[in-house]
Amino acid sequence: MIASTGSSGLYKAPLSKGLLLIPSFLSIVLTFLFQQQQELFLYNIKAIKDDFHIWKLISGRIICLDLKDTFCSSLLIYNFRTLERRFGSRKFTSFLLVAWILSAVFDFLLVEAVHFILGATLTTLPSGFLAPVFALFVPFYCSVPRVQLAEILGLFPITNKTLVYIVGLQLLTSSPYMLIVAISGLISGLFYTWDVLNVRKILCIPHWLADLFSRRLEPIFSSVEPVNEARVGMGATVDIQRQQRIELLDQQFMLSQLAHLGRRQPQQGGILNWNRLFQPLRHRNLGNQAQPQDPSPATSEEHEPRNHKTKIY
């Protein structure tokens, strides 16, 4: 769709499919049918702190009450499905769990910091599953290869990640308080990526629970394997071919970096130039195949031994 990484669709991404369908459906239902019940899903920081409404930490951080946030977060989750394929559903779920729990702590810390530094009191924050979505930008930036597709005016590169970052920027600017949620999500993603305080083992999904959800819920949210996508590679199975597609993207990333480096270097003697390094070799091989040359007599004479004995008849 937006990011050209991996195959299309939601094949082998059941959690991403569930996060796309269930919260989006509930957000639409609350917006058009049950507007009076939106108060139950409001992320009210003041009610949590003063009235000890702890349940709002769960209800207020699952469903978006703004359809613009629902649309942007759905687009991002769809493009982040490649991370679930790379990591596996269990590790992907563990990442989202860690980001969801830690971001709740960082939300309160950032609200208190804003109150202490600026003197502003924040009562509510944007509702929805937003902080884990911002946290997914960390592994997306680190693990998904960046492939340059085009350039604007020769100055601004367009890559396979550009539109994803634009959608994230649109989500960030949808609310004046979205910056708090975004920062807490990014910090949570860094905590999991760097394994700060050993959070990967402490908040990891157990194997028995992952197997239970795999047997019960994965058949419900599983998608049909795409059959019309172009195959890349000679793998025996479709999974191997998709892995080869990822490796091909990595190779394109490396080649784009080498080409960019070659354009930056001045084309003078003594400076590395990749075009001069590879193209002459290719043309030389083609020339050798097209015009074979016979060894010259001078060359044949050079291979004859110099010290030889004359025969006397």
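One can find the structure itself at the top, above this paragraph.
Residues numbered from 1 in each chain as written. Predicted model: local features only at pLDDT ≥ 70, side-chain atom pairs only at ≥ 80, totals over all residues. Heavy atoms only, no water.

## Details of the overall build of the protein
A tally of helices and strands in the protein yields 16 helices and two strands. Expressed as a percentage of the 313 residues in the protein, the buried residues total 37%. Residue pairs at least 24 apart in sequence account for 73% of intrachain contacts in the protein once pairs closer than 6 positions are excluded. Summing over all exposed atoms, the protein offers an accessible surface of approximately 20000 Å²; the carbon and sulfur share of this is 64%. (Helix = DSSP H or I, 4+ residues; strand = E, 2+ residues; numbered from the N terminus. Buried < 20%, exposed > 50% of the residue type's maximum accessible area, 1.4 Å probe, protein only. Contact = heavy atoms within 4.5 Å. Areas by Shrake-Rupley, 256 points an atom, 1.4 Å probe, with all protein chains shown as cover.)

## Re the pattern of salt bridges
Tallied over the entire structure, the rule returns three salt bridges. One salt bridge connects Glu112 with Lys49, and the closest N-O pair in it is separated by 2.5 Å. Taken as a pair, Glu112 in helix 6 (residues 89-117) and Lys49 in helix 2 (residues 45-50) lie far apart in primary sequence, 63 residues in all. Judged by its relative accessible area of 38%, Glu112 is partly exposed. One salt bridge connects Asp66 with Lys68, and the closest N-O pair in it is separated by 3.2 Å. We classify Lys68 as partly exposed; its relative accessible area is 48%. (Salt bridge = Lys/Arg side-chain N within 4 Å of Asp/Glu carboxyl O.)

## Here we look at the packing of aromatic side chains
Following the criterion strictly, the structure yields seven aromatic pairs and no others. With a centroid separation of 6.0 Å and an interplanar angle of 80°, the aromatic rings of Phe140 and Tyr165 are classed as edge-to-face. Of this pair, Phe140 sits in helix 8 (residues 137-143) while Tyr165 sits in helix 9 (residues 162-172), and the two are 25 residues apart along the sequence. Here a set of aromatic residues connected by ring pairs shows up, and it is made of Phe80, Phe134, Phe137, Phe140 and Tyr165. Above the plane of the ring of Tyr78 lies Arg81, whose end atom (NZ or CZ) is 4.2 Å from the centre. Across the ring face of Phe140, the terminal group of Lys161 is positioned such that the distance to the ring centre comes to 5.2 Å. (Phe/Tyr/Trp six-rings, centres within 6.5 Å; stacked < 30°, edge-to-face > 60°. Lys NZ or Arg CZ within 6 Å of the ring centre and 35° of its normal.)

## With respect to the side chain of Asn160
Following the sequence through the fold, Asn160 ends up in the loop between strand 2 (156-159) and helix 9. Judged by its relative accessible area of 2%, Asn160 is buried. At 3.2 Å, the side chain of Asn160 and the backbone oxygen of Pro145 are in polar contact. At 3.0 Å, the side chain of Asn160 and the backbone nitrogen of Val147 are in polar contact. (Polar contact = N/O pair within 3.5 Å; in protein donor to acceptor, adjacent residues only side chain to side chain.)

## Observations regarding helix 10 (residues 178-194)
In a regular helix each residue adds 1.5 Å, so 17 residues correspond to 24 Å; helix 10 covers 24 Å between its end C-alpha atoms and thus fits that length. Those residues of helix 10 lying buried are Met178, Ile180, Val181, Ala182, Ser184, Gly185, Ser188, Gly189 and Tyr192. Contacts made by the buried residues of helix 10 are with helix 4 (67-79), helix 6, helix 7 (131-135), helix 8, helix 9 and helix 11 (199-202). (Expected span 1.5 Å × (residues − 1).)

## What about the pairing of strand 2?
Where strand 1 (residues 148-152) meets strand 2, four bridges bridge the pair, whose relative direction is antiparallel. Across the sheet, the residue bridging to Glu151 is Pro157, located in strand 2. In sequence, strand 1 turns back onto strand 2 through a hairpin of three residues, with Leu153 there showing a positive phi of about 60°. (Pairing = 2+ DSSP bridges.)

## Digging into the packing of helix 1 (residues 14-32) against helix 4
Two packed helices can be described by the angle between their axes and the distance between those axes. At a closest axis distance of 10 Å, the pairing of helix 1 and helix 4 adopts a crossing angle of 170°. Taken together, the axes of helix 1 and helix 4 lie roughly antiparallel to each other. Judged by residue contacts, Ser16, Leu19, Leu20, Ser24, Ser27, Ile28, Thr31 and Phe32 of helix 1 engage Leu67, Thr70, Ser74, Ile77 and Tyr78 from helix 4. When its residues are assigned to classes, the contact of helix 1 with helix 4 shows seven nonpolar, six polar and no charged. (Axes fitted to C-alpha atoms, helices over the stretch in contact; angles between N-to-C directions. Parallel < 35°, antiparallel > 145°, perpendicular 65-115°, else oblique. Nonpolar A, V, L, I, M, F, W, Y, C, P; charged D, E, K, R; others polar.)

## Re a nonpolar patch on the surface
A surface patch of nonpolar side chains, amounting to about 520 Å² of accessible area, comprises Ile28, Phe32, Leu33, Phe34 and Leu67. On the secondary structure map, Leu67 appears in helix 4. (Patch = residues over 30% accessible without salt bridge, like charges linked within 9 Å, V, L, I, M, F, W, Y side chains within 5 Å.)

## Focus on empty space enclosed by the protein
Counted under the stated rule, the structure contains three cavities of 30 Å³ or more. The computed volume of the largest cavity comes to approximately 120 Å³. Around the largest cavity, the lining residues are Leu19, Leu20, Pro23, Ser24, Ser27, Ile62, Cys64, Thr70, Ser73, Ser74, Ile77 and Phe129. Counting residues per element, the ones that place at least two in the lining of the largest cavity are helix 1 and helix 4. Here the element with the most residues in the lining of the largest cavity is helix 1; it accounts for five residues. Across the lining of the largest cavity, the residue classes tally to seven nonpolar, five polar and no charged. Quantified by volume, the second largest cavity comes out at close to 50 Å³. In terms of lining residues, the second largest cavity is bounded by Tyr43, Arg61, Asp107, Pro126, Gly128, Leu130, Ala131, Pro132 and Val181. Partitioned by chemical class, the residues of the lining of the second largest cavity number six nonpolar, one polar and two charged. (1 Å grid on protein atoms, 1.4 Å probe; cavity = no way out; pocket = protein on both sides within 12 Å on 5 of 7 lines; lining within 4 Å. Points joined across faces, edges and corners; volume = space filled by probe spheres on them.)

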